[in-house]
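An overview of the molecular structure
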Amino acid sequence: MQFPQISRSLRQFTTYLLAIALGVLLIFSTFQVLPSQAEPAPSVTAGDTSKLIAQRQSPANAAIGSSSFVTAAVNRVGSAVVRIDTERTITRRVDPFLEDPFFRRFFGDGFSQQMPPEQQLRGLGSGFILDKSGLVLTNAHVVDKADKVTVRLKDGRTFEGKVQGIDEVTDLAVVKINAGNDLPVAPLGSSSNLQVGDWAIAVGNPLGFDNTVTLGIVSTLKRSSAQVGISDKRLDFIQTDAAINPGNSGGPLLNGQGEVIGINTAIRPDAMGIGFAIPIDKAKAIAAQLQRDGKVAHPYLGVQMLTLTPELAKENNTDPNSAIQIPEVNGVFVIRVVPNSPAASAGVRRGDVILQIDGKAITSAEQLQNFVEDSRLGQILQVKVQRGNQTQQLSIRTAELQNAS
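Since this is a predicted model, take the numbers as computed values, not measurements.

Conventions adopted
- Residues numbered from 1 in each chain as written.
- Predicted model: local features only at pLDDT ≥ 70, side-chain atom pairs only at ≥ 80, totals over all residues.
- Heavy atoms only, no water.
- Helix = DSSP H or I, 4+ residues; strand = E, 2+ residues; numbered from the N terminus.
- Buried < 20%, exposed > 50% of the residue type's maximum accessible area, 1.4 Å probe, protein only.
- Areas by Shrake-Rupley, 256 points an atom, 1.4 Å probe, with all protein chains shown as cover.
- 1 Å grid on protein atoms, 1.4 Å probe; cavity = no way out; pocket = protein on both sides within 12 Å on 5 of 7 lines; lining within 4 Å.
- Points joined across faces, edges and corners; volume = space filled by probe spheres on them.
- Nonpolar A, V, L, I, M, F, W, Y, C, P; charged D, E, K, R; others polar.
- Core = buried A, V, L, I, M, F, W, Y, C linked by side-chain atoms within 4.5 Å.
- Contact = heavy atoms within 4.5 Å.
- Polar contact = N/O pair within 3.5 Å; in protein donor to acceptor, adjacent residues only side chain to side chain.
- Pairing = 2+ DSSP bridges.
- Axes fitted to C-alpha atoms, helices over the stretch in contact; angles between N-to-C directions.
- Phe/Tyr/Trp six-rings, centres within 6.5 Å; stacked < 30°, edge-to-face > 60°.
- Arc of directions from axis to C-beta.
- Salt bridge = Lys/Arg side-chain N within 4 Å of Asp/Glu carboxyl O.

Brief notes about the overall build of the protein chain
Across its full length, the protein chain holds 13 helices and 20 strands. The 405 residues of the protein chain split such that 36% are buried. Carbon and sulfur atoms provide 53% of the accessible area of the protein chain, an area that totals close to 23,700 Å².

Some points on the layout of surface pockets
Here the second largest pocket defines a volume of roughly 440 Å³. What lines the second largest pocket is a set of 16 residues, and nearest its centre among them are Lys222, Leu235, Asp236, Pro279 and Lys282. With 3 residues, strand 9 (residues 236-240) is the single largest residue contributor to the lining of the second largest pocket. For the lining of the second largest pocket, the class distribution of residues is 6 nonpolar, 3 polar and 7 charged.

Describing the nonpolar core
Counting 46 residues, the largest nonpolar core has Ile84, Leu137, Val151, Ile177 and Ile201 as the members making the most contacts within it. Residues in contact with Ile84, not counting those within four places in the same chain, are Gly123, Leu124, Gly125, Ser126, Gly127, Val136, Thr138, Val142, Val143, Val149, Thr150 and Val151. Within the second largest apolar cluster, 17 residues are counted, among which are Val337, Ala343, Val383 and Ile396.

A closer look at the side chain of Gln386
Tracing the backbone through its elements, the reader meets Gln386 in strand 18 (residues 380-387). A polar side-chain atom of Gln386 sits 3.2 Å from the main-chain carbonyl oxygen of Gly388. The contact partners of Gln386, leaving out residues within four places of it in the chain, are Pro327, Val329, Gly351, Asp352, Val353, Leu355 and Thr391.

Brief notes about the sheet that holds strand 11 (residues 260-267)
Strands pair in a sheet through their backbones, by hydrogen bonds, and they do so in one of two ways: parallel or antiparallel. If you walk around this closed barrel you meet the 6 strands as 7-8-9-12-11-10, and the pairing is antiparallel. Taking the axes of each pair of neighbouring strands and ignoring which way they run, one obtains an average angle of 45° across the sheet. Both strand 7 (residues 199-204) and strand 8 (residues 212-224) contribute to a ladder of 6 bridges, which runs antiparallel. From the neighbouring strand, Ile201 faces strand 8, where its bridge partner is Leu215. Sheet strands touched by helix 4 (residues 69-77): strand 7, strand 8, strand 10 (252-254) and strand 11. Its angle to strand 7, the strand with the most contacts, is close to 45°.

Here's the deal with the sheet that holds strand 4 (residues 148-152)
If you walk around this closed barrel you meet the 6 strands as 1-2-3-6-5-4, and the pairing is antiparallel. Along the sheet, successive strands turn relative to each other by an average axial angle of 40°, direction set aside. Of the pairings in the sheet, the one linking strand 2 (residues 118-131) to strand 3 (residues 135-138) comprises 3 bridges and is antiparallel in character. In the sheet register, Asp131 faces strand 3, and the bridge partner there is Leu135.

Description of the packing of aromatic side chains
Under the defined criterion, the tally for this structure stands at 2 aromatic pairs. Taking the centre distance of 4.9 Å and the plane angle of 45° together, the rings of Phe69 and Trp199 count as tilted. One end of the pair, Phe69, is in helix 4; the other, Trp199, is in strand 7, with 130 residues separating them in the sequence. For Phe69, a relative accessible area of 14% corresponds to the buried category. With 5.8 Å between their ring centres and 55° between their planes, Phe237 and Phe276 make a pair best called tilted. In this pair, Phe237 is assigned in strand 9 and Phe276 in strand 12 (residues 275-279), connecting sequence segments 39 residues apart.

Some thoughts on helix 13 (residues 365-373)
Among the residues of helix 13, Ala365, Leu368, Val372 and Glu373 are the ones counted as buried. Looking straight down helix 13, one finds its buried side chains confined to an arc of 135°; they lie on one side.

Description of the pattern of salt bridges
Within the structure shown, the criterion is met by 11 salt bridges. The residue Glu373 makes a salt bridge to Lys282 at a minimum N-O spacing of 4.0 Å. You can see Glu373 sitting in helix 13 and its partner Lys282 sitting in helix 10 (residues 280-293), a full 91 residues away along the chain. Between Arg387 and Asp352 there is a salt bridge, with the nearest N and O atoms lying 2.8 Å from each other. Separated by 35 residues along the polypeptide, Arg387 in strand 18 and Asp352 in the loop between helix 12 (342-346) and strand 16 (353-357) bring together distant segments of the chain. Neither residue differs from the other here; Arg387 and Asp352 are each classed as buried. Linked through salt bridges whose partners overlap, the residues forming this network are Arg83, Asp85, Arg152 and Asp210.

Concerning the environment of Asn330
Inspection of the secondary structure assignment puts Asn330 in the loop between helix 11 (310-317) and strand 15 (331-337). A residue is classified by how much of its surface remains accessible, and Asn330, at 44% relative accessible area, is partly exposed. Distance in space between the C-alpha atoms of Asn330 and Thr307 is 8.0 Å, their sequence separation being 23 residues. With residues up to four places along the chain from it excluded, the contact list for Asn330 reads Leu308, Thr309, Pro310, Leu355, Ile362 and Thr363.

Examining the pairing of strand 19 (residues 390-397)
One ladder, built from 8 bridges, connects strand 18 with strand 19; its direction is antiparallel. Pairing of Val385 across the sheet is with Gln392, part of strand 19. Here strand 18 folds back onto strand 19 in antiparallel fashion, the turn holding 2 residues, of which Gly388 has a positive phi close to 70°.

Thoughts on unusual backbone geometry
Positive phi is not limited to glycine here, since Lys145 has a value of about 65°. Secondary-structure assignment places Lys145 in the loop between helix 8 (140-143) and strand 4. On the basis of relative accessibility, which here comes to 48%, the residue Lys145 falls in the partly exposed class. If you check the backbone angles, Lys222 has positive phi at about 55° while not being a glycine. Exposure remark for Lys222: the relative accessible area of 68% places this residue in the exposed category.

Have a look at this one:
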């Protein structure tokens, strides 16, 4: 009677052993399967941690890093950035009324003596060294009409600067200093391959704070001077949100590699965090002409204009108070013709719409301005205009623009 009980106990014990063995087998199988469902951990040797660090860095850390790319960029160009101080004497005309004895009898001699006949104006700007011989590039408005120009290097040395050439139309100037032939030179990049979102680093002396650096991005490209509100210039600016303040004018705008991509030149007082720079490709061409000739010849036609679209023309034509009917076309509307200009001599009239130049359709004032700027002095342009319901072909010979204003 005991044998059946022992046999039953053995069967139960065997079943327990089998269940335990099966559980152990399942546990080891799970350990082998689970890691294959995730990314394998990087294998790093004792002497190589770069892969692990790179995988763990966030995009922001990769861009900035423990040693900032901004620091490297500024160190590359910083010693070539200069401060430019200017002095200008303004002579006041003495009103003959102040010298009249009758006036002196009532107000005394001291009144007229309180108004000095001369006044000293001081200005501040920035610039950067183009080559080892001492050529400095800056803005025209920084040194224009200055009686004295002083250039101060980052190492504290100061030199008297001689203005070699000014171009008001592009707001560029070249200044020469005699400081030997071993000056630091700013590396020049290219503005033709810039993209919106690229890094932008402004270096200069804003508000008199020397060697100041601000960081931003390229906000947009080819922002016309007309859109910026500088109608007397012929430029397509780089727009940036890198802080640009008075005193930054003439200083370099750098890319992330420390190359000059623009010349900081303008700010809008009614805007927050928007600045403008002249593209370096344009500046290089102008600087070469200023160095060679001392000036730059700009062709012009002599019209004030605005971009016309069919929608704008229709809005004007449906206004019962409108004094003129405008062709509902794409083109450039002539607001005014400058007297004795090439356009006036060719017969262009106020109210004309310029449709084509040399067979190429013209659809904006900026396009027309660029077309003329790229032409040669004395070149005859075939201009198609619409006057009322009629179209006419006019021949306009370009002439040199004498005054930017």
